[in-house]
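Now for the letters of each chain:
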Amino acid sequence: MSLTNRDLVTIDDLSNEEMEALFCLADEMADSTDAQYGLCRGKIMATLFFEPSTRTRLSFEAAMLRLGGSVISTVDVGATSLAKGESIADMAKVVGSYADIIVIRHPWEGAAKVVADYAGIPVINAGDGGHEHPTQTLCDLYTIRKERQTLKGLRIALWGDLKHGRTIHSLIYALARLGASILFCPGSGLELPEHVMRRLNTEYRGELKKCGHLNHGPDRKLFPIDAMYITPTSHHQLAMLPDISLNVELQAGVDALYVTRLQKERQAPTTDPQERKKYPVVDKELLKGKEFEKTLVMHPLPRVDELAYEIDSDPRSKYFKQAAHGIPVRMALTAMLLGARVVSISSKYPSFAHKVEYPIYRRHSGVRCSNLNCVSNQETETKYIKPEFTIVSDEPLTLRCIYCQHELYPEYVASSDWHQGTLEHKKYHSARSRWTKKIRPENLIVFASEDEARAWQSGNGACTKE
Ligand code: CP
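Calculation rules
- Residues numbered from 1 in each chain as written.
- Predicted model: local features only at pLDDT ≥ 70, side-chain atom pairs only at ≥ 80, totals over all residues.
- Heavy atoms only, no water.
- Helix = DSSP H or I, 4+ residues; strand = E, 2+ residues; numbered from the N terminus.
- Core = buried A, V, L, I, M, F, W, Y, C linked by side-chain atoms within 4.5 Å.
- Buried < 20%, exposed > 50% of the residue type's maximum accessible area, 1.4 Å probe, protein only.
- Domains from an automatic or database assignment.
- Contact = heavy atoms within 4.5 Å.
- Phe/Tyr/Trp six-rings, centres within 6.5 Å; stacked < 30°, edge-to-face > 60°.
- Lys NZ or Arg CZ within 6 Å of the ring centre and 35° of its normal.
- Near = heavy atom within 4 Å.
- Polar contact = N/O pair within 3.5 Å; in protein donor to acceptor, adjacent residues only side chain to side chain.
- Areas by Shrake-Rupley, 256 points an atom, 1.4 Å probe, with all protein chains shown as cover.
- pLDDT = per-residue confidence, 0-100.
- Pairing = 2+ DSSP bridges.
- Arc of directions from axis to C-beta.
- Salt bridge = Lys/Arg side-chain N within 4 Å of Asp/Glu carboxyl O.

**So, unusual backbone geometry**
Both trends apply: most residues other than glycine have a negative phi, and most peptide bonds are in trans.
Logical step 1: In this structure, Pro 302 follows Leu 301 across a cis peptide bond, with omega equal to 5°.
Logical step 2: Along the chain, Pro 302 falls in the loop between β10 (296-298) and α9 (319-324).
Logical step 3: A positive phi angle is found at Gln 149, which is not glycine, with a value near 70°.
Logical step 4: Looking at the element boundaries, Gln 149 is found in the loop between α5 (134-148) and β5 (155-160).

Next up, the structure:
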């Protein structure tokens, strides 16, 4: 299995088999760390961290040094020429000519994809805004696999800020693909974003069950489950699961409780002093519940108040081990992307994901990604990034940004194939009208507003194809 010259921008850049190969190599590297010295001799890793980090940056740098390579690093956007208005694409091209591999953390969603598009060398996403953090997911899966040998059929509870947590988003897709069931335990107002939920529903063959009623029982005050996602246990089983009882499911126990902090940096500051107190806490009392008897307690760290220090010595607590696994996992990933190691594995790993090839929407018009934090909406980047979407549904018409995966629902559409003889055929329609479904994806034009649609109809609008 070779990953030479590949990028890791989202967790879906790796197949289940590739992840397993990487974990096998991480096992080998954990057992013989010193013997790996020299594997990446002469290679340079550039670590570009434009948001704070302890674990990800230092474990990547330590991993590269343990492989015998070197590291160049910047940790402050103000100390780079980005502060002078340089675009991410230009920075990527330049750093790509100085180093052999780039690890980037950036607050804008989709920034790592842009770096990967322009650098010309392997790029690893170390966290892009609230989008994804795929190498944290590799550490998380590696930890569970080490403790439980498999992911398939396990019940994993995700706790806290499911809305903004990038580690959560990458982990969800991987768990669904690997055949785990997911229990969602969000803080109030911190439920999973709609676009992540939709992807789970449409691309991962499982079944999502809302279970708000469980919140009202005395036990559920402690374990506030909002929804549950059941992955089918066999590859060909579609969403035909019997209506399961969530209580029965819970009695079987929770295999891992994945706790996350409130991502304060991704939301408007609250003026309500009670807000922080409402955030759910995992402590000794919660872990007395029968369903947690054999639960692995995990956290990507850093923690703030959501995970009590009193459970650090509990044998179920695995979060510091999880952070330590960052070294062998990132050593294995770096060595594979640089082509210093290939790995063969004997078994085949089915994926429970349903790979969908959606048509692309790429046309000059006023339509932009709905996410203001998307890289495609930033002033320095709009000079060269043209908004691009996949058309993921025609009812309602839904476009998904290729940079940040946020979705938008255009109001007005037209077909570029209007010229059937007369100008009177040049018409725009409501996106909810029956006409929308009749427009072939390659002819689709979507408008940001009715004014833009009118301008197009009267011959003044641009809306040209890329
Ligand atoms: N888990 C994680 O990404 O930690 P850092 O922010 O310290 O890198």
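**Concerning the nonpolar core**
Logical step 1: One finds Leu 22, Leu 138, Leu 158, Ile 172 and Phe 184 to be the most contacted residues of the largest nonpolar core, which totals 63 residues.
Logical step 2: The leading source of residues in this core is helix α6 (residues 166-178), at eight residues.
Logical step 3: Of the domains in this structure, domain 1 (11-130 + 324-337) and domain 2 (135-323) are the two that each give at least three residues to this core.
Logical step 4: For Leu 138, the contacting residues outside a window of four places in its chain are Leu 8, Ile 11, Leu 14, Met 19, Leu 22, Phe 23, Val 329 and Leu 333.
Logical step 5: Formed by 48 residues, the second largest nonpolar core is a distinct cluster that contains Phe 50, Ala 119, Cys 374 and Ala 453.

**Observations regarding the packing of aromatic side chains**
Given two aromatic rings, one states the distance between the centres and the angle between the planes to describe the pair.
Logical step 1: By the definition in use, this model includes six aromatic pairs.
Logical step 2: The interplanar angle of 15° and the centroid separation of 5.8 Å between the aromatic rings of Tyr 173 and Tyr 204 together place this pair among those described as stacked. Residue Tyr 173 is found in helix α6, and its partner Tyr 204 is found in the loop between α7 (194-203) and β7 (207-210); the two are separated by 31 residues along the sequence. For the pair Tyr 173 and Tyr 204, a shared accessibility class is recorded, and that class is buried.
Logical step 3: Their ring planes at 80° and their centres at 5.8 Å tell us that Tyr 412 and Tyr 428 sit as a pair that is edge-to-face. Within this pair, whereas Tyr 412 is found in strand β15 (residues 412-415), its partner Tyr 428 is found in strand β16 (residues 428-430), the two being separated by 16 residues in sequence.
Logical step 4: The exposure class assigned to Tyr 428 is buried, which follows from its relative accessible area of 17%.
Logical step 5: Its end group placed over the ring of Tyr 309, Arg 303 keeps NZ or CZ at 3.6 Å from the ring centre.
Logical step 6: The ring centre of Trp 456 lies 4.8 Å from the NZ or CZ of Lys 426, which sits over that ring.

**With respect to the site of the ligand**
Logical step 1: Close to the ligand lie Ser 53, Thr 54, Arg 55, Thr 56, Arg 105, His 133, Gln 136, Pro 300 and Leu 301, which account for all nearby residues.
Logical step 2: In this structure, Thr 54 approaches the ligand through a main-chain N or O atom, which is 2.8 Å from an oxygen atom.
Logical step 3: Backbone polar atom of Pro 300 to a nitrogen atom of the ligand: 2.9 Å apart, as the coordinates give it.
Logical step 4: Starting from 250 Å² of accessible surface for the ligand in isolation, the protein chains cover 92%.

**What to know about the confidence of the model for the protein chain**
Logical step 1: Averaged over all residues, the pLDDT of the protein chain is 89; the fraction at 70 or higher stands at 89%.
Logical step 2: This stretch, residues 234-244, has a pLDDT under 50; its non-local contacts, to residues over four places away or in other chains, come to 17 contacts.

**Side note on the pairing of strand β6 (residues 181-186)**
Logical step 1: Counting buried residues along β6, six of its six residues qualify, which places the element largely inside the surrounding structure.
Logical step 2: Across the two faces of β6 the burial is the same, with Ser 181, Leu 183 and Cys 185 and Ile 182, Phe 184 and Pro 186 all buried.
Logical step 3: The pairing of β5 with β6 spans six bridges and is classified as parallel. By the bridge assignment, Leu 158 is partnered in β6 with Phe 184.

**Some words on helix α3 (residues 88-96)**
Helical geometry: 3.6 residues make up each α-helical turn, so side chains three or four residues apart lie on a common side.
Logical step 1: Every buried residue belonging to α3 is among Ile 88, Ala 89, Met 91, Ala 92, Val 95 and Gly 96, and all of these are buried. Projection of α3 onto a plane perpendicular to its axis shows the buried side chains occupying an angular sector of 160°, all on one side.
Logical step 2: Summarising the contacts, the buried residues of α3 are in contact with β1 (44-49), β3 (101-106) and α4 (111-119).

**Brief notes about the environment of Ser 170**
Logical step 1: By the element assignment, Ser 170 lies in helix α6.
Logical step 2: What makes Ser 170 buried here is its relative accessible area of 0%.
Logical step 3: With 159 residues separating them in the primary sequence, Ser 170 and Ile 11 have C-alpha atoms 5.8 Å apart.
Logical step 4: Residues within four places of Ser 170 in sequence aside, it is in contact with Ile 11, Glu 132, His 133, Pro 134 and Thr 137.

**Here we look at the pattern of salt bridges**
Logical step 1: According to the stated counting rule, one finds 29 salt bridges in the structure shown.
Logical step 2: For the salt bridge of Arg 166 with Glu 51, the shortest nitrogen-to-oxygen distance reads 2.9 Å. Within this pair, whereas Arg 166 is found in helix α6, its partner Glu 51 is found in the loop between β1 and α2 (55-66), the two being separated by 115 residues in sequence. In terms of burial, Arg 166 and Glu 51 fall into one category: buried.
Logical step 3: For Arg 432, the salt bridge identified is with Glu 411, shortest N-O distance 3.5 Å. Of this pair, Arg 432 sits in the loop between β16 and α11 (435-438) while Glu 411 is found in the loop between β14 (407-408) and β15, placing the two residues 21 residues apart along the sequence.

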